[in-house]
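# Inside the fold
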Amino acid sequence: MKRTLGTCYYPEHWSRDIWEDDARRMVEAGLTWVRIGEFAWSRLEPSPGQYRFDWLDDAIEVLGRAGLRVVLGTPTATPPRWMLDRHPDMLARDAEGHPRKFGSRRHYCFSHEGYARECDLIVTRLAERYGQNPHVAAWQTDNEYGCHDTILSYSNAARQAFRNWLRTRYAGDGNDGDIDALNAAWGNVFWSMEYDSFDQIDLPNLTVTEPNPSHLLDFRRFSSDQVVRFNRRQVDILRGYSTAPIAHNYMGRITDFDHFRVGDDLEIASWDSYPLGFLEDRIDAPSEHKRRYARQGDPDFQALHHDLYRAVGRGRWWVMEQQPGPVNWAPYNPDPLPGMVRLWSWEAFAHGAEAVCYFRWRQAPMAQEMMHAGMLRPDSAPAPALAEARQVADELAQAPDVTPVQADVGLFFDYESDWAWSIQPHGAGLSYFDLVLDTYRALRKLGLSIDILRPGADLTGYRMICVPGQMILSDEDKAALAACGAEVVIGPRTAARSADMQTPVPLPPAMPGLDVTVARVESLRPDMPIASDGGHITGYRDVIETTLTDLTRASDGSIVTARSHQITYLAAWLDQPALIRVMEGIAKRAGLDTITLPEGVRRRRTATEVFWFNHDTTEHEVAGQRLAPLAVLRQPIA
Amino acid sequence: MKRTLGTCYYPEHWSRDIWEDDARRMVEAGLTWVRIGEFAWSRLEPSPGQYRFDWLDDAIEVLGRAGLRVVLGTPTATPPRWMLDRHPDMLARDAEGHPRKFGSRRHYCFSHEGYARECDLIVTRLAERYGQNPHVAAWQTDNEYGCHDTILSYSNAARQAFRNWLRTRYAGDGNDGDIDALNAAWGNVFWSMEYDSFDQIDLPNLTVTEPNPSHLLDFRRFSSDQVVRFNRRQVDILRGYSTAPIAHNYMGRITDFDHFRVGDDLEIASWDSYPLGFLEDRIDAPSEHKRRYARQGDPDFQALHHDLYRAVGRGRWWVMEQQPGPVNWAPYNPDPLPGMVRLWSWEAFAHGAEAVCYFRWRQAPMAQEMMHAGMLRPDSAPAPALAEARQVADELAQAPDVTPVQADVGLFFDYESDWAWSIQPHGAGLSYFDLVLDTYRALRKLGLSIDILRPGADLTGYRMICVPGQMILSDEDKAALAACGAEVVIGPRTAARSADMQTPVPLPPAMPGLDVTVARVESLRPDMPIASDGGHITGYRDVIETTLTDLTRASDGSIVTARSHQITYLAAWLDQPALIRVMEGIAKRAGLDTITLPEGVRRRRTATEVFWFNHDTTEHEVAGQRLAPLAVLRQPIA
Amino acid sequence: MKRTLGTCYYPEHWSRDIWEDDARRMVEAGLTWVRIGEFAWSRLEPSPGQYRFDWLDDAIEVLGRAGLRVVLGTPTATPPRWMLDRHPDMLARDAEGHPRKFGSRRHYCFSHEGYARECDLIVTRLAERYGQNPHVAAWQTDNEYGCHDTILSYSNAARQAFRNWLRTRYAGDGNDGDIDALNAAWGNVFWSMEYDSFDQIDLPNLTVTEPNPSHLLDFRRFSSDQVVRFNRRQVDILRGYSTAPIAHNYMGRITDFDHFRVGDDLEIASWDSYPLGFLEDRIDAPSEHKRRYARQGDPDFQALHHDLYRAVGRGRWWVMEQQPGPVNWAPYNPDPLPGMVRLWSWEAFAHGAEAVCYFRWRQAPMAQEMMHAGMLRPDSAPAPALAEARQVADELAQAPDVTPVQADVGLFFDYESDWAWSIQPHGAGLSYFDLVLDTYRALRKLGLSIDILRPGADLTGYRMICVPGQMILSDEDKAALAACGAEVVIGPRTAARSADMQTPVPLPPAMPGLDVTVARVESLRPDMPIASDGGHITGYRDVIETTLTDLTRASDGSIVTARSHQITYLAAWLDQPALIRVMEGIAKRAGLDTITLPEGVRRRRTATEVFWFNHDTTEHEVAGQRLAPLAVLRQPIA
């Protein structure tokens, strides 16, 4: 298939006079897609029930006639002000009970049925009107679920919905749930936390000290399910009127809901990629690393998301918003180096993206995002991204198609385990996402290509599978891992909790065929690393008991890895040097082709090519070839 | 004119038995002024409508008879407890909605009309009784507007007043404001934030993510206007009964309201100068700088305020409260070095202060400020400040008068731009005030004397004018700067926003006669300085386009300054070494006499003298003369 | 007497099937005591007035029959969920006014009379049923008063109770208190804070700036008194039915209520000792110190508490909960080094503990504390603590009894002064507790054994007494210190406030026979230490005036110590090297045997022995003997 480019456009922000010129310039820039509509509710329905589609009709017509394909967004992330008059209690509440008020965006509680019905109405009207429009080639539901910490709500609506959700989860013989089952699952005998009825259960905020972790995990599951349900309502409506594929644009490192389950209802996964913003705002890394990559972004963070959304989209995924220049929302917002917009675009394609859309066409002169760059400046002059996009379009036109292929290495990623870690990190700052990113980074530094695997994934064809820190691992997945024939690395902390967020007995990991027991665990001050082969244990380790003899140990004698047949238990959170050493050994056993990559260089295999990317500002030589700073190199596989 | 000294006294805190002795000792110490009354409401009106002026009559009589001149404060910063019973909703609300309760001071919302009427009453009674009193030689309104973050209130009274203020600002043909004008000015089409009526507009707190910056800026303007209005009511009443000059005592680095506009209603500007507290609490400086000046205070912070209030007071200004020893409110509260009270006093006079009053006469043995030093200890023994004040009084008596003169250099300061920066700093920790202070400091290190210029100021007579970071710059000021004949330095970030807080098109700075366009901007991590002539760019820069050829560039090739005729655009926030280099070059072009001053040494010109101050604990030699540690040296101009 | 061991057990958490085996294994481990019941209210009273004691009867019987002695806890720290339905307003409120909700523990306000009556009922029923039970050998009231910041409540119940408490404290002739007396005591004339009636007085939260310190101190006293009152109600009930001794288990470094006054109503003081959690969470120490002792705990923190609770219990004290392995609640939770459970146990005995109980018997597989180690793992296999406890039991059986003796050195500790420091620290981070710990540590490093002295303590027999930072020191204690014949060290900041939290005149310390006046004080940045004999002044000093000549001075000439007869005023907060130098000199004058101990080594004298403890991982030689890492050495006194 042919990879394509696009942009995000807000016709309602600009005079109708310039729409045609904008459309023409988009086509000239080599763009195929234009996403519109996702924040325009106040212009689509200026007052309740009074719809104004004329301007959107025109905009779609202008864009489509110019040769562009439209992605039409539902506007439910930005309900107009009048919605508050109709549903004063629709706002989410923060953990302190404050309403999260009108005046920006995402000001709604996923559990508010009145608001959900309003969304049904506007989505229905859009689907009716544009479901068969020839220019509308795809849909987007809402915008960036979870952005601005909007999944967890402590409103009355959420409280009532949570109680009902619990009644279903802990269903008894009757219709009203089995409160004893809940008390048992949560271990509520502890500290006399037992409930007599579901109506006594509150949301887990403002407790005197930490709430019951099982209470918290169920609240996290419930909150995620509310997003799935909210999204599905829109999908069900759109499907009634349109056969165009439906996407949602996920935001980077937002793990508050299960993207796999939302994705199950969609044809396309997409995400919004802001490499510089993420480096400053969402990556826990030494300041030296942040300084080095301040104008390029982290070399692995975007790639991990690319691979994640390829899994979420079951192969079909886009970058719906690609950073084109400085953004406005990170602690520091530097200019990307010239060439990075192109590199980011190609990296997405190398990982299988169908399309890369730049956010946004023209920088806004007003409101919250006026310091967010676009492809054009506010005065309509070209911004640097425009030429880089044009270059990518040219290269796409000239070069062979990108043909994705299953990777040799699988890496599990599980949203529930991320919640479990955040509920019980054990040590300050420890996070499941960081552990997965560290693992991914170590594998990438060995030149490996990786598929992200969700719980329950088909393991066929993988030669090496890593399951780091997946606190909740089903018996089915344990059996599949034991039987899959790949080299498997599990741990640390994998299978540490039951589905009820209790410590399982027999103790973890209770992996079939692996005589390893985690006797206890410890978290460590950042300033007390423990030397281990080539590097250090940092932050966390499992203390294990085993009769196995294929072991490696840290300098203090503690077991770091224990191996039985093709399963390796990794008992510690290792820094990169030590982790690379461990992963390299296992990759070699799996017969994989590893390589030691220079700083900032990464490679990615497709069915027919090897892509090389140099994120560094220094030229590097690797595998006999020179990689200029910020180079993108495509090498056919012989 | 003869410069004078004074002190702040609370007769209500002490037995009437010691008033006469206190008055006698004040006169012996060389003091002229005694400020009283500003926190005494509970003694002036112990219950609603029951006034007790007898004690104040006596106190004024005792002090006046001893030869002192009284500054009488209105007590509106400390409404008594009974006021709450009458106006339970008079309290301000913080951004989270919590009431800011009784039990300290400043517990009122500027928008509460009921409280404002109570203030009218007590001010009227004071004015009636003391308006013609021969000892009452000046008035002070309220106390330290804005101290303790009291300008922004999120109360119901504030919400209603804000809506009315907006109706006036966006006035339509009718009487109720033009909501479309507001929607356009704020760019509310963005994120569907459009309003149907003014009654839908809320205060900009507790939004899901950042509120619209135009919404914020208007709220800041409104909040400032409420202070102006509150102050003016008192002034209007006092003027009906008294011809004595009226002052307000502003607090250091409080920029939440427009001091120029409050000052327009007053005869005298005054401020409260706490050099050691400010250094610890209100200056963003490296710890090495804070350690070096921990017992002296920052060498430029006070001087900047002196020059600011000279502008606010249109030449007439005081230090109403001068730190006399350790204070109680900073993170650390060290003892000043012996000699600093004298140095601070002389520095104020050198900048044109009419009077310096020490806060307070005797250290209180009770309540919140019992750890705040006075001129006397709580046991009435002399504290170190007493002798230093006496020395200053002697020196004033012996030395020639200080004769202020217009400076060669003008430096713009604009409260709206400070609000605009705080709304959109772009990079963490960036602040307009700091940029102005950095600029002021660089000019001072070159030995220059400076006038602070408000927007719209008359530019006649200046040979060099700096306009750093003034995000909102009127077309009139642009024209005046272009025409004034002085060397003008504008930027970085100057003229970056319209009055509506939008990005202007054509892009900034859009300065007549200067072919410079800010194509985009970037903020930088503190650990990634960019080398530039003699120093570094730190934190922020504009990326500019220009056809000009009189340029300087940083090590990475980016343009740092672009010059056309007498206007220089400075595109980056520079550290002191680089900024001094730029300023020195321009000052030389302006024909100014610059000098490289040693650490901690500053000079200040008057019409007849040069004052030298050594804030350092090391002796320095400068211009052929020795400056002992903490020296104050007056040198007649030949 | 014979020292004993025990554990904490939750029969309600486990199947009745394993109780007998658990009991047998406890006895085999050498345990004497088993504490039960303190969180079991939901099982004892599953619904209001419906009691279920059968299971507790059985548990006590099983445990008792196995040879264990039961400590029975009242369950009032964990009211069941139904309690909230009966008393919706029983929750404490935090300083922002948020309710502190159900879902963990300690969710009650000490001032809520309705809840207090419910406590009366359950305690009465427990006392009736088990008061004469032969296996119930001791009682525990509630659990860890003050844990999770639960002493200060800003609820309506607290507000009303505070007003009544003030009416009593400031009692006039009538029945309703003398508001003028309160206004005078608080100095409310300051800032017009005067009240007309007690009903106007609010709790000191949410004020615009800091509240009146006298208001705060009275609120702290009131809050402490509410705990004393709450505890006494339980004690009074239990005493009606049982002669067994009553204890409470205090938590480390919780100073929000007066433990001495609670202890006056109890036979036994006990505390919960978590050395590793405390090191990370509750000690302000350099990271190097924390790294060094991350697996051993601070060498002095536990000992200080041991000595404190020996004073609180008037000689009778226990460790009710001893850390047995990693805990769950500190920022980092490492594994203790092998041998530390034994060392901690012996250190407690060396300081006179009657019993040491390990928390808890078996690690819970569920709920908040599932990551808190026990003597058994969740799968009932032995955890490392089990064998160490068994070793201690064996050693107790073989070795001679520990015979406590009065120490040579007394160290004052006063809860009111801790509150006074927290109200007016003067410098960021300064704390009374830290000053006492620093003093205790310096004395310990000199090999001294110490008794903690409460205000009003009998000073007979001490040869050296230290009174650091005791801001509120009664005239009686001043007189006793002056007359006691010991070497006395007072200061810095001792006697700085009156009982009303005012600055006394004559100025502090106003110590009989000591011509020292604190003229003023200063707090210092941490990066500006002032060299003083062998070390430095850090953070704080008194500037004193004196005619005494037996002085020591810092490098800047300021007086550090001033001595008159046997009283030394210490005017500065010294670091350890300087403080040890001062204390060593005074100890020698007192004729005490000091020694320079190696890193981590401490000694403790009893009547018959010297105990040596090596907290370090390095072997040290001291007094001619080798101390292996983590060694415990008992040396008979010749």
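Up top is the structure.
Each value, and the rule that gives it
- Residues numbered from 1 in each chain as written.
- Chains lettered and ligands numbered in written order.
- Predicted model: local features only at pLDDT ≥ 70, side-chain atom pairs only at ≥ 80, totals over all residues.
- Heavy atoms only, no water.
- Axes fitted to C-alpha atoms, helices over the stretch in contact; angles between N-to-C directions.
- Helix = DSSP H or I, 4+ residues; strand = E, 2+ residues; numbered from the N terminus.
- Parallel < 35°, antiparallel > 145°, perpendicular 65-115°, else oblique.
- Contact = heavy atoms within 4.5 Å.
- Nonpolar A, V, L, I, M, F, W, Y, C, P; charged D, E, K, R; others polar.
- Least-squares fit on C-alpha atoms with pLDDT ≥ 70 in both.
- Buried area = accessible area lost by both parts, 1.4 Å probe.
- Salt bridge = Lys/Arg side-chain N within 4 Å of Asp/Glu carboxyl O.
- Polar contact = N/O pair within 3.5 Å; in protein donor to acceptor, adjacent residues only side chain to side chain.
- Pairing = 2+ DSSP bridges.
- Buried < 20%, exposed > 50% of the residue type's maximum accessible area, 1.4 Å probe, protein only.
- Arc of directions from axis to C-beta.
- Phe/Tyr/Trp six-rings, centres within 6.5 Å; stacked < 30°, edge-to-face > 60°.
- Lys NZ or Arg CZ within 6 Å of the ring centre and 35° of its normal.

Residue and element names in this part refer to chain C. Where helix α15 (residues 415-423) meets helix α16 (residues 432-445), the axes come as close as 8 Å, and the angle between the chain directions of the two elements is 120°. Relative to α16, the element α15 lies oblique. From α15, S417, D418 and W421 reach across to α16, where they touch Y432, F433 and L435. Partitioning the contact of α15 with α16 into residue classes produces four nonpolar, one polar and one charged.

Attention shifts here to the relation of the copies chain A and chain B. Of the transformation placing chain A onto chain B, the axial shift is 0.0 Å and the rotation is 120°, giving an RMSD of 0.0 Å. This pairing of chains is accounted for by a three-fold axis. Measuring from the rotation axis to each C-alpha of chain A, the shortest distance belongs to A:E96, at 5.6 Å. Little of the interface of chain A is mirrored in chain B, where only 4% of its interface residues again form contacts.

Moving on, we come to the interface of chain B and chain C. Contacts between the two partners involve 54 residues from chain B, matched on the other side by 50 residues from chain C. Each partner contributes to the roughly 4,600 Å² buried at the junction of chain B and chain C, and carbon and sulfur atoms together form 55% of this total. Salt-bridge contacts for B:R291 lead to C:D527; the nearest nitrogen and oxygen are separated by 3.3 Å. The tally of links from chain B across to chain C stands at 25 residue pairs in polar contact (both at pLDDT 80 or more). The set of elements that each furnish at least two residues to the side of chain B that touches chain C consists of α2 (41-44), α4 (81-86) and α11 (287-292) of chain B. Residues that form the side of chain B that touches chain C fall into these classes: 23 nonpolar, 13 polar and 18 charged.

Residue-level contacts link 54 residues of chain A with 50 residues of chain B. Overall, the association of chain A and chain B removes approximately 4,600 Å² of surface from exposure, summing both partners, and the carbon and sulfur fraction of that is 55%. On the surface where chain A and chain B come into contact, there are seven salt bridges. If you look at where chain A meets chain B, you find 25 residue pairs in polar contact (both at pLDDT 80 or more). For the side of chain A that touches chain B, the secondary structure elements donating two or more residues are α2 (41-44), α4 (81-86) and α11 (287-292) of chain A. For the side of chain A that touches chain B, the per-class residue count stands at 23 nonpolar, 13 polar and 18 charged.

Attention shifts here to the sheet that holds strand β10 (residues 450-453) of chain C. All names here are of chain C. Strand order in the open sheet formed by seven strands is β10-β9-β11-β12-β18-β17-β16, with mixed pairing between adjacent strands. Each of the sheet's edge strands pairs with one partner strand only, and the pair in question is β10 and β16 (550-553). Direction aside, the axes of adjacent strands within the sheet are offset by 20° on average. Examined bridge by bridge, strand β9 (residues 409-412) and strand β11 (residues 464-467) share three bridges and lie parallel to one another. Residue G410 lies in a different strand from β11, and its bridge partner there is I465.

Bringing the relation of the copies chain B and chain C into the picture now. When chain B is fitted onto chain C, the two copies agree to an RMSD of 0.0 Å after a turn of 120° and an axial shift of 0.0 Å. Here only 4% of the interface residues in chain B have copies in chain C that are interface residues too; the copies meet through unlike faces.

This part is about the pairing of strand β10 (residues 450-453) of chain A. All names here are of chain A. Residues I450 and I452 of β10 are buried on one face, and the alternating residues D451 and L453, pointing to the opposite face, are buried as well. Relative to β10, strand β9 (residues 409-412) runs parallel, the two sharing four bridges. The partner of V409 across the bridge, within β10, is I450.

With respect to the secondary-structure elements, A:T124 resides in helix α5 (residues 113-130). Sequence-distant contacts of A:T124, defined by excluding residues within four places in its chain, comprise A:I237 and A:Y241.

Residues and elements named next belong to chain B. What helix α17 (residues 475-483) keeps buried is the set D477, K478 and L481. Buried residues of α17, seen end-on, are gathered within an arc of 105° and therefore sit on one face of the element. Counted as exposed and oriented over 90 degrees from the buried face of α17: D475, E476 and A483. Immediately downstream of α17, the backbone of G485 shows phi near 90°, a positive value.

Turning our attention to the packing of aromatic side chains. Scanning the entire structure with this criterion turns up 126 aromatic pairs over all chains. For the pair C:Y108 and C:F110, a centre-to-centre distance of 5.1 Å together with 70° between the ring planes defines the contact as edge-to-face. Given a relative accessible area of 3%, C:F110 falls into the buried group. Relative to C:F301, the ring of C:F278 has its centre 5.1 Å away and its plane inclined at 45°; by these criteria the two rings are tilted. Pair noted here: C:F278 is in helix α10 (residues 275-281) and C:F301 is in helix α12 (residues 301-312), with a separation of 23 residues, a long-range link. A cation over an aromatic ring shows up here: A:R493 above the ring of A:W421, its NZ or CZ 4.8 Å from the ring centre.

Residues and elements named next belong to chain A. Following the criterion strictly, the structure yields 192 salt bridges over all chains and no others. Here R261 ties to D225 by a salt bridge, and the two come within 2.5 Å at their closest N and O atoms. Linking R261 in helix α9 (residues 259-263) with D225 in helix α8 (residues 213-239), this pair joins segments that are 36 residues apart in sequence. Note that R589 and D550 form a salt bridge whose closest N and O atoms lie 4.0 Å from each other. With a gap of 39 residues between them, R589 in helix α18 (residues 576-589) and D550 in strand β16 (residues 550-553) connect regions that are remote in the sequence. It is possible to trace a salt-bridge network through shared partners that takes in D298, D300, E347, R441, R444 and R602.

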